[in-house]
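Structural characterization, general
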Amino acid sequence: MSETSEPTLFISHKHSDTEIAQVVADFIASKTTGKVNVHLSSSPKFQGPKFGKNINAQLREALWNTEVLILLYTTADQDWQYCMWECGMAEYPKSANTNIIVFQCG
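Residues numbered from 1 in each chain as written. Predicted model: local features only at pLDDT ≥ 70, side-chain atom pairs only at ≥ 80, totals over all residues. Heavy atoms only, no water.

Right, let's talk about the sheet that holds strand 3 (residues 68-73) for a bit. Taken in spatial order, the four strands of this open sheet run 2-1-3-4, and their pairing is parallel. Strands at the two margins of the open sheet, each flanked by one partner only, are strand 2 (37-39) and strand 4 (99-104). Neighbour-to-neighbour, the strand axes of this sheet turn through a mean angle of 20°, independent of strand direction. In this structure, strand 1 (residues 8-12) lies alongside strand 3, joined through four bridges in parallel fashion. The residue of strand 3 that forms the bridge with Phe10 is Leu69. The sheet contacts of helix 1 (residues 18-31) involve strand 1, strand 2, strand 3 and strand 4, and relative to strand 3 the element is tilted by about 145°. (Pairing = 2+ DSSP bridges. Helix = DSSP H or I, 4+ residues; strand = E, 2+ residues; numbered from the N terminus. Axes fitted to C-alpha atoms, helices over the stretch in contact; angles between N-to-C directions. Contact = heavy atoms within 4.5 Å.)

Below, the structure written as structure tokens:
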């Protein structure tokens, strides 16, 4: 579980899909009344990596401690390697049990 007692939800997305990710993050934050920590790297409103530190190490730590990962999948013609890396890190055997949910958006 995350450093705090609240569960953590990680939103994996292409930066070109930031608007969709923001809508999902806002919805989760409002419906859970702050009882879920939302990790959204593209918005300073939510948890995310800090400048000046190794981004991959920060993301790895967040992914190893997340309970739910939402992958926002939009179009097949994009490069999804980094998002797939995030999904793989969330499934790391020594990490918290993570449920991965794919939202197919168009």
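Grouped together as the largest cluster of nonpolar side chains are 13 residues, with contacts concentrated most on Leu9, Ile11, Ile28, Val38 and Leu72. Among the elements of the structure, strand 1, helix 1 and strand 3 are those that each provide at least two residues to this core. Here this core takes four residues from helix 1, the largest share from any one element. Other than its neighbours up to four places away in sequence, Ile11 contacts Ala21, Val24, Ala25, Val38, His39, Leu40, Ile70 and Leu72. Grouped together as the second largest cluster of nonpolar side chains are eleven residues, Leu63, Cys87, Met89 and Ala90 included. (Core = buried A, V, L, I, M, F, W, Y, C linked by side-chain atoms within 4.5 Å. Buried < 20%, exposed > 50% of the residue type's maximum accessible area, 1.4 Å probe, protein only.)

Before going further, it helps to examine the packing of aromatic side chains. Two numbers describe a pair of aromatic rings. These are the distance of the centres and the angle of the planes. For the structure shown, the criterion picks out three aromatic pairs. Ring centres of Tyr82 and Trp85 lie 5.3 Å apart, and the angle between their planes is 35°; this geometry places the pair in the tilted category. Of this pair, Tyr82 and Trp85 both sit in helix 3 (residues 81-90), three residues apart, which is roughly one turn of the helix. The ring of Trp80 has Lys14 sitting right over it, with the charged end atom 6.0 Å from the ring centre. (Phe/Tyr/Trp six-rings, centres within 6.5 Å; stacked < 30°, edge-to-face > 60°. Lys NZ or Arg CZ within 6 Å of the ring centre and 35° of its normal.)

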